[in-house]
Amino acid sequence: MATVRRRSALAAAAALLLAPAACSGGFGNLRLRIAAGNPGGVYDKLAQTLANAWQAGLGIERPQVLQTDGSPDNVNKVLAGQADVAFVAADVAEEQHRTHRELAALARIHDDYLHVVVRADSDIRSVDQLRGHRIAIGSPASGVEFIAYKLLAAANLTGSVSTSLHGLDDSIAALLRGDVDAFFWSGGLPTPRIVTYQNQLRLVDIGDQMPKMRTLSEVYGTATIPASTYNQFLPVTTLIVPNFLVVRQSMNADVAEALVRGLFDARHQLAQASPAALSIDVHPGIETQPLPLHPGALRYFRTEKTYLPG
């Protein structure tokens, strides 16, 4: 009976999202759940701000912001009907879309930079030199863990390092205690917690790994973290991965269009919540390949005279 009730509840939620807005004369009956991330993280900060913006702009009950482990957890919640909108790293979305064609994007939002971090006095200067060392690779089921395993595979280090799962705060603490020799992190620039300890930390350049990484996923790009970002002696080359807002194709097109409009209307508030949101803009927002845009999102971009690249 519990299973039946659960399925009925999920069906009711899906029906609400599928129902045309005109049936209720607006969006007042709409209920949304946003899969975000860890409390205080970039996803969480942006989700809390977006929930306020969607509540005010659509005249709906404030969307529920779900605390999660990160991108893999978020996309799984959308696929299971446990969330309606999710913040998801593009590489995670790309992999899931291969087998779950019901996934669609509302927009590309901000980009994350991969940080490979060691102590300032460490002898480690390249990814290859991580061999035989202990590495914290992010929280369980997080986007950091997902990308960390790809980088270790690209560098032929799988099985040649000792890995442990820690969030950012625990990773920094473990590194400074000497419990690990390096940690991975993927986030916007600058990441405030890394700034706090920047004089005790150093970033590792991963430019030599980027050709292989780019063969693993078309969403990966090459970028530079300027030396001034974390008071480093030199800039480093690293990997950049976009983030998408992801929904199911079954979401009502009017709802999807309204959510995208609310996102871009709230750019100022989002940038105040996190510097990572400064890059949110309608023109790169349409670039969600290889994930298709939801038809409602595409309608918004066409209304704004924004056209698909290529």
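Please refer to the structure higher up on the page.
Nothing here was measured: the structure is a model prediction, and the numbers come from that model.

*Asks:* Outline the packing of helix α9 (residues 253-265) against helix α12 (residues 295-303), supporting the account with residue identities and numerical values.
*Replies:* Between two packed helices, both the angle of their axes relative to each other and the distance between the axes serve to describe the pair. Two elements in contact, α9 and α12, have axes whose closest approach is 7 Å; the angle formed by their N-to-C orientations is 50 degrees. As far as their axial angle goes, α12 and α9 are oblique. By crossing handedness, the relation of α9 to α12 is classed as right-handed. Contacts between α9 and α12 pair A253, D254, A256, E257, V260, R261 and F264 from the former with G296, A297, R299, Y300, F301 and T303 from the latter. Of the residues belonging to the contact of α9 with α12, the class tally is 7 nonpolar, 2 polar and 4 charged.

*Asks:* Account for unusual backbone geometry, with residues named and values stated.
*Replies:* Backbone torsion omega between L189 and P190 reads -15 degrees, so that peptide bond is classified as cis. Relative to the helices and strands, P190 resides in the loop between β7 (182-187) and α7 (192-196). Of note, the bond from Q289 into P290 is cis; its omega dihedral lies within 30 degrees of zero at 10 degrees. Tracing the backbone shows P290 in the loop between α11 (282-285) and α12. Unlike most non-glycine residues, A141 shows phi in positive territory, near 60 degrees. With respect to the secondary-structure elements, A141 resides in the loop between β5 (134-136) and α5 (143-154).

*Asks:* Requested: an account of the pattern of salt bridges, with residues and values cited.
*Replies:* One pass over the full model with this rule turns up 14 salt bridges. Linking R108 and D111 is a salt bridge whose minimum nitrogen-to-oxygen distance equals 3.1 Å. Pair check on accessibility: R108 and D111 agree, each one buried. Put simply, R193 and D169 hold a salt bridge, and the shortest N to O gap is 3.0 Å. Of the two residues, R193 sits in helix α7 while D169 sits in helix α6 (residues 168-177), which places them 24 residues apart along the sequence. Given the relative accessible area of 36%, R193 is considered partly exposed. Note on D169: relative accessible area 43%, which makes it partly exposed. Counted as one network, the salt bridges with shared partners bring together D254, E257, R261, R299 and E304.

Conventions adopted
- Residues numbered from 1 in each chain as written.
- Predicted model: local features only at pLDDT ≥ 70, side-chain atom pairs only at ≥ 80, totals over all residues.
- Heavy atoms only, no water.
- Axes fitted to C-alpha atoms, helices over the stretch in contact; angles between N-to-C directions.
- Helix = DSSP H or I, 4+ residues; strand = E, 2+ residues; numbered from the N terminus.
- Parallel < 35°, antiparallel > 145°, perpendicular 65-115°, else oblique.
- Left-handed = near helix turned anticlockwise from the far one by under 90°.
- Contact = heavy atoms within 4.5 Å.
- Nonpolar A, V, L, I, M, F, W, Y, C, P; charged D, E, K, R; others polar.
- Salt bridge = Lys/Arg side-chain N within 4 Å of Asp/Glu carboxyl O.
- Buried < 20%, exposed > 50% of the residue type's maximum accessible area, 1.4 Å probe, protein only.

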